[in-house]
Amino acid sequence: SKIRIYWIPRLEGKSVGEITRDDVNAIFDDAKVMKYAPKTINQIVSALTLPMKYAFYHKMTENNCYDGIIKCSNRYKKRIVLSLEETQALFDAEWENDSARLVCVLACYTGMRQGEIAGLRLRDIGDDRIYIRHSWSKYEGLKSTKTEEEREMPIPPLLRDMLLAQAEMNPHGEGDNGFVFFGLL
């Protein structure tokens, strides 16, 4: 999917033998790509350079466009947990989108990851808990969780009711397989 999204539009009309280091390095100047974390940028670069390396070593091309590419350093921002005061201020603020607010409430209460929330389906909501079985990725669609393990999380009745109300707004008519947050991605 990274090839389809980032490389095919950029390299359209070029044969494998015409791709150069300059083509690869140009991705680092793309404003859309530069918004990503270094690890993601490196994955985008590797999506092209690894197959090109394979093609070169298996004599499918004479073009070596991967040597000399300097990848981003993987310095991560330290993640912090909001203080109680910051959390209170977050939920006291006026929200333009009730669904986005519910996503934040769910994440705050359960610790679910963004993809897990996006992958939450009506069938995952129990009487007093939610079942975290999937994750949603814009690249892969519905997939297993990051740990590849299902888990369940107790939730209060009010949160359950809010999630069911959100799921009822799904216009796609998918029943129990319908996504709770159907318009996130």
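Look above for the structure.
Residues numbered from 1 in each chain as written. Predicted model: local features only at pLDDT ≥ 70, side-chain atom pairs only at ≥ 80, totals over all residues. Heavy atoms only, no water.

## Here's the deal with the nonpolar core
Note the threshold: Here the nonpolar core consists of buried residues drawn from Ala, Val, Leu, Ile, Met, Phe, Trp, Tyr and Cys, with membership extended through side-chain atoms lying within 4.5 Å. Per-residue accessibility, obtained with a 1.4 Å probe over protein chains only, is compared with the maximum for each type, and a residue is labelled buried under 20%, exposed over 50%, and partly exposed between these values. Only DSSP runs of H or I with at least four residues qualify as helices, and only runs of E with at least two residues qualify as strands; both kinds are numbered from the N terminus onward. Contact criterion: two residues are considered in contact whenever any of their non-hydrogen atoms come within 4.5 Å of each other.
Judged by nonpolar contacts, the single largest core of 17 residues is most densely connected at Leu106, Met112, Ile130, Leu159, Leu163, Val180 and Phe181. Among the secondary structure elements, those contributing two or more residues to this core are helix H6 (98-110), strand E1 (129-132) and helix H8 (157-168). In terms of residue count, the dominant contributor to this core is H6 (four residues). Residues contacting Ile130, with those up to four places away along its chain left out, are Leu106, Thr110, Met112, Asp124, Ile125, Arg151, Glu152, Met153, Ile155 and Leu163. Trp7, Ile19, Val33 and Leu48 belong to the second largest nonpolar core, which has 15 residues in total.

## Some thoughts on helix H4 (residues 38-57)
Side chains of residues three or four places apart in an α-helix project in the same direction, reflecting 3.6 residues per turn. The test is simple: Here the expected span of a helix is defined as 1.5 Å times the quantity of residues minus one. Bend angle per residue: angle between axes fitted to the 7 residues ending at that residue and the 7 residues starting there.
Here H4 is 20 residues long and its end C-alpha atoms lie 27 Å apart, about the 28 Å a rise of 1.5 Å per residue gives. Its axis deflected by about 35 degrees at Ser46, H4 carries its strongest bend there. Every buried residue of H4 is listed here: Ile41, Asn42, Ile44, Val45, Ser46, Ala47, Leu48, Thr49, Met52 and Ala55. On the buried face of H4, the contacting elements are helix H1 (2-11), helix H2 (21-25) and helix H3 (31-34).

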